[in-house]
Amino acid sequence: MTQQALTTWGLDVGPVIELVLDGLNSPHSRRAYERALHDFLDWHAEQGRPPLSKALVQRYRAELQADGLAPATINQRLSAVRKLALEAADNGLIDPWLASGIQAVKGVKSAGVRAGNWLSREQAQRLLNAPDVGTLKGLRDRAILAVLLGSGLRRSEVARLTVDRVVQRDGRWVICDLVGKGKRTRTVPIPAWTKVAIDAWVAAAGIEGGRLFRSVHKGGYVCLLYTSPSPRDRTR
């Protein structure tokens, strides 16, 4: 997006976007809102930069629907635009009544409930058996898959998981005090076969503490001092 597109409605929108992002705790939300606001401003520039109004945001919503975007995507983009207008008003950059009108723009209702998709027991077993457990990388990958399948953790949660979080409580193994999405803390039970896979990886890798899942170098040794929190790095 060009710098020109950031200056509209008689104000510099760039700092206002930063105010919006500063109010968000989750890095995922920050990226999503930043992308949504840039998309809106690009669309606004294509329209000839008309004055900001409730009617303009309603037209934007209609075009998103016409483009076939999912209700959740549309609602997230509208939420970002509402937040932009609110921050601009709070900082005296636009009239509060204008921000109030934009806040009143309704989102899109979802039609039905998403059923989702899941693996059958046979498919899950084939996936779990896929890594070559004769190698360190295979042991690690099987343990990662066992945690994902056995606990339902998010990829980012698995990547940040530390050894001390896997404990026994009331006779069963759990991942305790896990801080997940929205900074919510929960304890997740894991089946015995997940713990067996974790133990096999930890014993082979010589891990005594810190991050549970580490990079495995091509030479066949494990990085014991540092590992990236990115889930993508777990495939190395």
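**Looking at a nonpolar patch on the surface**
Phase 1 of the analysis: On the surface, Leu119, Leu127, Leu149 and Trp193 cluster together to form a nonpolar patch covering roughly 340 Å² of accessible area.
Phase 2 of the analysis: Relative to the helices and strands, leucine 149 is located in helix H7 (residues 136-151).
Phase 3 of the analysis: Look at leucine 149 and you get partly exposed, because its relative accessible area is 32%.

**Digging into the packing of helix H1 (residues 13-22) against helix H2 (residues 27-46)**
Phase 1 of the analysis: Put simply, H1 and H2 touch, their axes get as near as 9 Å, and they point 150 degrees apart. In terms of their interaxial angle, H1 and H2 are classed as roughly antiparallel. Once H1 is placed against H2, the crossing between them reads as right-handed. Contact residues: Val13, Ile17, Val20, Leu21 and Asp22 in H1; Arg30, Tyr33, Glu34, Leu37, His38 and Leu41 in H2.

**Focus: the environment of valine 81**
Phase 1 of the analysis: For valine 81, the position within the fold is in helix H4 (residues 71-90).
Phase 2 of the analysis: Look at valine 81 and you get buried, because its relative accessible area is 2%.
Phase 3 of the analysis: Sequence separation between valine 81 and leucine 37 is 44 residues, and the spatial gap between their C-alpha atoms is 6.4 Å.
Phase 4 of the analysis: In contact with valine 81, not counting residues within four places along its chain, are Leu37, Phe40, Val57, Tyr60 and Ile102.

**Side note on the environment of lysine 83**
Phase 1 of the analysis: Considering the arrangement of structural elements, one finds lysine 83 in helix H4.
Phase 2 of the analysis: Sequence separation of lysine 83 and leucine 19 is 64 residues, and the distance between their C-alpha atoms is 9.4 Å.
Phase 3 of the analysis: What lysine 83 contacts, discounting residues up to four positions off in sequence, is Val20, Tyr33 and Gln103.

**Some points on the pairing of strand S4 (residues 172-179)**
Phase 1 of the analysis: Direction of pairing for strand S3 (residues 166-169) relative to S4: antiparallel, over a ladder of four bridges. Note that in S4 the partner of arginine 169 across the bridge is arginine 172.
Phase 2 of the analysis: Counted between consecutive antiparallel strands, the loop separating S3 from S4 contains two residues, among which aspartate 170 sits at a positive phi close to 50 degrees.
Phase 3 of the analysis: When S4 meets strand S5 (residues 185-189), the two strands line up antiparallel, connected through four bridges. If you follow valine 174 over to S5, its bridge partner there is proline 189.
Phase 4 of the analysis: The turn linking S4 back onto S5 is made up of five residues, and glycine 182 within it adopts a positive phi angle of 75 degrees.

Each value, and the rule that gives it
Residues numbered from 1 in each chain as written. Predicted model: local features only at pLDDT ≥ 70, side-chain atom pairs only at ≥ 80, totals over all residues. Heavy atoms only, no water. Patch = residues over 30% accessible without salt bridge, like charges linked within 9 Å, V, L, I, M, F, W, Y side chains within 5 Å. Areas by Shrake-Rupley, 256 points an atom, 1.4 Å probe, with all protein chains shown as cover. Salt bridge = Lys/Arg side-chain N within 4 Å of Asp/Glu carboxyl O. Helix = DSSP H or I, 4+ residues; strand = E, 2+ residues; numbered from the N terminus. Buried < 20%, exposed > 50% of the residue type's maximum accessible area, 1.4 Å probe, protein only. Axes fitted to C-alpha atoms, helices over the stretch in contact; angles between N-to-C directions. Parallel < 35°, antiparallel > 145°, perpendicular 65-115°, else oblique. Left-handed = near helix turned anticlockwise from the far one by under 90°. Contact = heavy atoms within 4.5 Å. Pairing = 2+ DSSP bridges.

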